[in-house]
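Descriptive structure summary
For reference, the chains in residue letters:
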Amino acid sequence: MYGKIGEPAAFAGRGLSPRRIFRHSAVLIPKSYPDARLLLERRGVPRRTLQAGSFHQLNLYTLDSHGLPDGLFENREVNWHNQQFGRSGLIAAAGLWVRGSVVTITTMQSDVCQQLYRQHDLRKACKTRLETRFKYWYIFLLNAVLDAGLDGGISSVRSPTGRHIVAHTKKAIRPDLFARIYDHAESEYRCRRVVEGAAEYWEIPLRANAARIVRLRGGNLAPPEADRRRKICIFHDIEEDVDTAISPSECRSNLERMLRIEREFDVPATYCILGSLFDRRREAILAADSRHAIGFHSFDHQLADLDQLPKCREVDLRVRGYRPPQSRTTSELTDENLAFHNFEWLANSSHGFGFADCVLQNGIVKIPIHLDDYSLFTGTRSYAEWESSLLEQAGSRRVFGLGLHDCYAGKWLDRYPDLLRKLASLGEFQSADRVCDQSYLRAAGAIARTGGAAAFGRSLLDRMAGWLTR
């Protein structure tokens, strides 16, 4: 496991019954929680000021499921923000922005507790046990943030007041629930109410509250065994006839065959879909195999339009990845802009990136695509030449990215089963979402192995950026 561990005995005497206390793991990850930048901008923090700080996310996992089904922690509707990173037991998460010696909490969220209503069967089966064991998740989450702050030499933590959250949440909510979550700081710690810009916070000085903060102990930081195997990531660009004369019906037929072959060979792949085609293709892809990752391949393949990211987000809020058309990195695709729109991974050609190894930079996992099928389409390479180069590169990369197109599939689809057999002998097929998950957990392990003294430091993140995922 990664991060630090909270033992139930350490929380005795804090006014909670034993059944409300759960053993947990706190994992600090160098990325922004969804909508963290947007929330801070709405609170009056200029984008330039945001860039002067660093973003982190703290995940809180239970180490005892108390009989709750794994499906609860895997269900996409309940775990709406999809922040489990491949680990079961995610109870809650906090978004953190660090500037100087101050940590600002952007949000505290428990999908399994707050989004359970989305899934009727799970709600019926799990609601009582969730409320019995995890009703006070926010107590342990805030404590974990404060503990990490002590490790990182932070002077104070600012947490939004319940009044602020209620006043600035547009959807219908239960004010008493949000007051209980966000005003817990006032009842548990010595703090003061402060106003900054359009926001109101509880400011918690850490030194003055050191006796009230339960210190968590270090955990086993060995990375998962699967993370050491060679990974093969297949990216399908689903764009139909946007740049070719191939008919949409032929592209749809190609997509159906791809999905059928991958299901037969048990291959999880990544499908990057134009936003203009998105709703018509996603359902079929996930119905074929729920392990497939879904990314955007821009909204409409127009490189001159620099509003592709917001247009994609109008289509779907939860897709984690993005692949630019023609592997062109436009001025829109800065790390800050990708993070602002809640993208977590970016797939591009290794030439477009300027590097060939998968890396984590500024909270974005960057996955190079080392070869695609364009040379087959243009006829500049025979299939035998193309496959030989492909297999050579796949056998030498820790993470190998292969790019394929629905519109070019006529050049390789008949030989796809044989190609998958050969690739399977070289490594393990993984989706981009899975590679992203493992990259974030490796980053969490790297932070924890520093001893926590500089856990929130920008200099530490800069040093780690180039080697975290190698």
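First, a word on what this report is: a plain description of the structure on this page. (Residues numbered from 1 in each chain as written. Predicted model: local features only at pLDDT ≥ 70, side-chain atom pairs only at ≥ 80, totals over all residues. Heavy atoms only, no water.)

Here we take up the overall build of the protein chain. What the protein chain contains, in helices and strands, is 19 helices and 19 strands. Against the globule reference of 23 Å for 470 residues, the protein chain gives a C-alpha radius of gyration of 23 Å, in line with a compact fold. By principal-axis analysis of the C-alpha atoms, the protein chain measures approximately 70 × 45 × 40 Å. In the protein chain, of all internal contacts separated by at least 6 residues, the share reaching a separation of at least 24 is 72%. Carbon and sulfur atoms make up 48% of the accessible area of the protein chain, which amounts to about 19,500 Å² in all. (Helix = DSSP H or I, 4+ residues; strand = E, 2+ residues; numbered from the N terminus. Rg over C-alpha atoms; globule rule 2.2 N^0.38 Å. Contact = heavy atoms within 4.5 Å. Areas by Shrake-Rupley, 256 points an atom, 1.4 Å probe, with all protein chains shown as cover.)

Moving on, we come to unusual backbone geometry. Despite not being glycine, D266 shows a phi value in the positive range, around 55 degrees. Within the secondary structure, D266 is located in the loop between α10 (248–264) and β11 (270–273).

What follows covers the nonpolar core. With 52 residues, the main nonpolar core has L58, L72 and M108 as its most contacted residues. Considering each element in turn, this core owes the most residues, 10 residues, to helix α6 (residues 137–151). (Core = buried A, V, L, I, M, F, W, Y, C linked by side-chain atoms within 4.5 Å. Buried < 20%, exposed > 50% of the residue type's maximum accessible area, 1.4 Å probe, protein only.)

Below, the discussion takes up the packing of α10 against helix α11 (residues 278–288). Contact geometry of α10 with α11 gives a least axis separation of 9 Å together with a crossing angle of 20 degrees. Relative to α11, the element α10 is oriented roughly parallel. Between α10 and α11 lies a crossing of right-handed hand. For the pair α10 and α11, the contacting residues are R252, L255, L259 and R263 in the first and R281, A284, I285 and A288 in the second. Here the residues of the contact of α10 with α11 are counted per class, giving five nonpolar, no polar and three charged. (Axes fitted to C-alpha atoms, helices over the stretch in contact; angles between N-to-C directions. Parallel < 35°, antiparallel > 145°, perpendicular 65-115°, else oblique. Left-handed = near helix turned anticlockwise from the far one by under 90°. Nonpolar A, V, L, I, M, F, W, Y, C, P; charged D, E, K, R; others polar.)

By the criterion of burial, strand β2 (residues 24–29) is predominantly enclosed, with six of the six residues buried. Both strand β1 (residues 4–6) and β2 contribute to a ladder of three bridges, which runs antiparallel. By the bridge assignment, K4 is partnered in β2 with A26. Both β2 and strand β3 (residues 54–62) contribute to a ladder of six bridges, which runs antiparallel. Looking at β3, one finds that I29 is bridged to Q57. (Pairing = 2+ DSSP bridges.)

Further remarks concern helix α12 (residues 308–315). Restricting attention to buried positions, one finds in α12 the residues Q308, L309, C312 and R313. Buried positions in α12, seen along its axis, are confined to an arc of 135 degrees and lie on one side of it. (Arc of directions from axis to C-beta.)

Counted by the stated rule, this structure contains 16 aromatic pairs. Summarising the aromatic geometry, the rings of F55 and W97 are spaced 6.4 Å apart at their centres and angled 35 degrees between planes, so their arrangement reads as tilted. Pair noted here: F55 is in strand β3 and W97 is in strand β4 (residues 90–99), with a separation of 42 residues, a long-range link. For the pair F55 and W97, one class covers both residues: buried. Here Y322 and F343 contribute two aromatic rings whose centre-to-centre distance is 5.6 Å and whose plane-to-plane angle is 70 degrees, an arrangement assigned as edge-to-face. With Y322 in strand β13 (residues 321–322) and F343 in the loop between α13 (335–340) and β14 (345–349), this pair connects stretches of sequence that are 21 residues apart. Take Y322: its relative accessible area is 1%, and that puts it in the buried class. The positively charged end of R313 is found above the aromatic ring belonging to F343, 4.0 Å away from the centroid. (Phe/Tyr/Trp six-rings, centres within 6.5 Å; stacked < 30°, edge-to-face > 60°. Lys NZ or Arg CZ within 6 Å of the ring centre and 35° of its normal.)

Let's shift gears to the side chain of T106. Inspection of the secondary structure puts T106 in strand β5 (residues 102–109). In this structure, T106 is in contact with A36, L39, L40, R43, G95, L96 and P160, ignoring residues within four places of it in sequence.

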